[in-house]
Structures are given as structure tokens and as C-alpha cells.
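What follows is each chain in one-letter form.
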Amino acid sequence: SLRKENLLSPQKLLNLPLGRLASLIKSCGYYNVKAKRLKNFLEFIKKKGGMAKLFKGDPFILRGELLKVNGIGQETADSILLYAGNLPFFVVDAYTKRILCRHNLIEKKADYAHVQKLFMDNLKLDADLFNEYHALLVKVGKHYCKKKADCSNCPLRGV
């Protein structure tokens with residue numbers, strides 16, 4: 001809906017009334033909460049001087065700042081850094097944790113930082129590589145490593 005209305009720019013979204021933004025993202029679910037969180041992030045971008053300046057400087061400081069924005073958690077912050085900033089931060093999601101648990105690479109109680117460190121310490125720090133790894137894990141998670149696993153057809157079988 002945002003694309004259809006030609007609103008996919010931080011400034012246009014920032015200028016949009018909250019109620020209108022919520023109505024445009026209604027199909028996402030929890031649209032009122034998401035609209036507020038999106039506005040928080042847009043204010044953050046504005047405060048940082050816009051998208052062109054957002055990813056300048058120390059990426060670890062930026063990550064810390066992102067985590068202080070109401071509504072942005074670790075997965076969202078790292079997604080912003082990786083996908084929008086092309087910075088090598090590995091994104092950990094439920095699929096990643098489920099797959100690693102089932103392959104006995106992490107314990108079920110492993111926290112986000114532990115799982116992220118596993119990737120960042122053992123792979124070349126490369127945004128394209130992290131992007132590809134994450135996409136492949138999502139694909140395996142969606143198609144094979146669901147809550148009810150389809151291990152017999154999983155491409156990771158025997159790995």
C-alpha cells in the first residue's frame with residue numbers, strides 16, 4: 001500500500017499522519033503499534049541527518065542507538081544494519097535458533113547474542129555472505145524445519 005501510494009521515503013512517511021499510516025499498513029497486523037514504532041524509527045533517521053548519514057560512523061555505536069529506539073529489538077536492529085546498511089551483522093531469528101537447536105549446535109536456552117556470535121566468530125565478516133546465510137536458513141525453516149519438522153526431505157539432512 002505504501003508503494004502504491006508512492007510513500008516509500010522516510011520524509012513522506014514522517015509527514016504522514018499516524019492514523020493514515022496505520023490504515024496503510026493494516027494488512028501487516030498490529031498496525032497501530034507498528035505505525036507508532038515506524039514513526040519512532042523515522043524520527044531517529046531524521047535526528048541522524050537522514051538515510052545518507054545514518055550508516056556513517058561506527059556501526060556498533062549505531063546498533064546501540066537503534067536498540068534505544070522504542071520498538072526496535074536486536075533482530076530488527078541487525079536487519080536494518082545488514083539489509084539497509086549493508087553492514088556485516090548476522091540476523092538471528094526463530095528459524096535460525098530452531099535449526100541450530102535441532103542440529104545440536106546450540107542449546108534451546110541460547111540467547112540472541114550467543115547465536116549471533118557463533119556466526120560472526122566463524123564466518124568471514126561479509127554482509128553479502130550473512131545475507132545469503134540468513135536467506136537460506138529462512139528457506140529451510142519455512143519449508144522443512146517447521147514446528148513439525150520434515151527432516152527426511154531437509155537439505156541439511158546428514159549435515
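Everything that follows concerns the structure shown earlier in this document.
Bear in mind that the values here come from a model prediction, so they are computed numbers and not experimental data.

Caption draft 1: Structural view of the layout of surface pockets. Computed from the structure, the largest pocket encloses a volume of approximately 360 Å³. Lining the largest pocket are 15 residues, and of these Leu 100, Phe 119, Tyr 133, Leu 137 and Leu 156 sit closest to its centre. Counting only elements with at least two residues in the lining of the largest pocket, the list comes to α7 (94-102), α8 (112-122) and α9 (127-143). Among the elements that make up the lining of the largest pocket, the one with the highest residue count is α9 (four residues). The computed volume of the second largest pocket comes to approximately 310 Å³. Residue lining of the second largest pocket: Leu 2, Ile 25, Cys 28, Lys 34, Arg 37, Leu 38, Phe 41, Gly 71, Ile 72, Thr 76, Ser 79 and Ile 80, and that is the complete set. When residues of the lining of the second largest pocket are traced back to their parent elements, those giving at least two are α3 (31-47) and α6 (74-84). Ranked by the residues each element gives to the lining of the second largest pocket, the list is headed by α3, at four residues. Looking at the lining of the second largest pocket residue by residue, the classes come out as seven nonpolar, three polar and two charged.

Caption draft 2: Molecular detail of α9. Between its terminal C-alpha atoms α9 stretches 24 Å, which fits the 24 Å expected from 17 residues at 1.5 Å a residue. All buried positions along α9 are accounted for by Ala 127, Phe 130, His 134, Leu 137, Val 138, Val 140 and Gly 141. Looking straight down α9, one finds that the buried residues subtend no more than 165° of arc, so they occupy a single side. Along α9, exposed side chains directed more than 90 degrees from the buried face belong to Asp 128 and Lys 139. Next to the buried residues of α9 lie α6, α7 and α8.

Conventions adopted
- Residues numbered from 1 in each chain as written.
- Predicted model: local features only at pLDDT ≥ 70, side-chain atom pairs only at ≥ 80, totals over all residues.
- Heavy atoms only, no water.
- 1 Å grid on protein atoms, 1.4 Å probe; cavity = no way out; pocket = protein on both sides within 12 Å on 5 of 7 lines; lining within 4 Å.
- Points joined across faces, edges and corners; volume = space filled by probe spheres on them.
- Helix = DSSP H or I, 4+ residues; strand = E, 2+ residues; numbered from the N terminus.
- Nonpolar A, V, L, I, M, F, W, Y, C, P; charged D, E, K, R; others polar.
- Expected span 1.5 Å × (residues − 1).
- Buried < 20%, exposed > 50% of the residue type's maximum accessible area, 1.4 Å probe, protein only.
- Arc of directions from axis to C-beta.
- Contact = heavy atoms within 4.5 Å.

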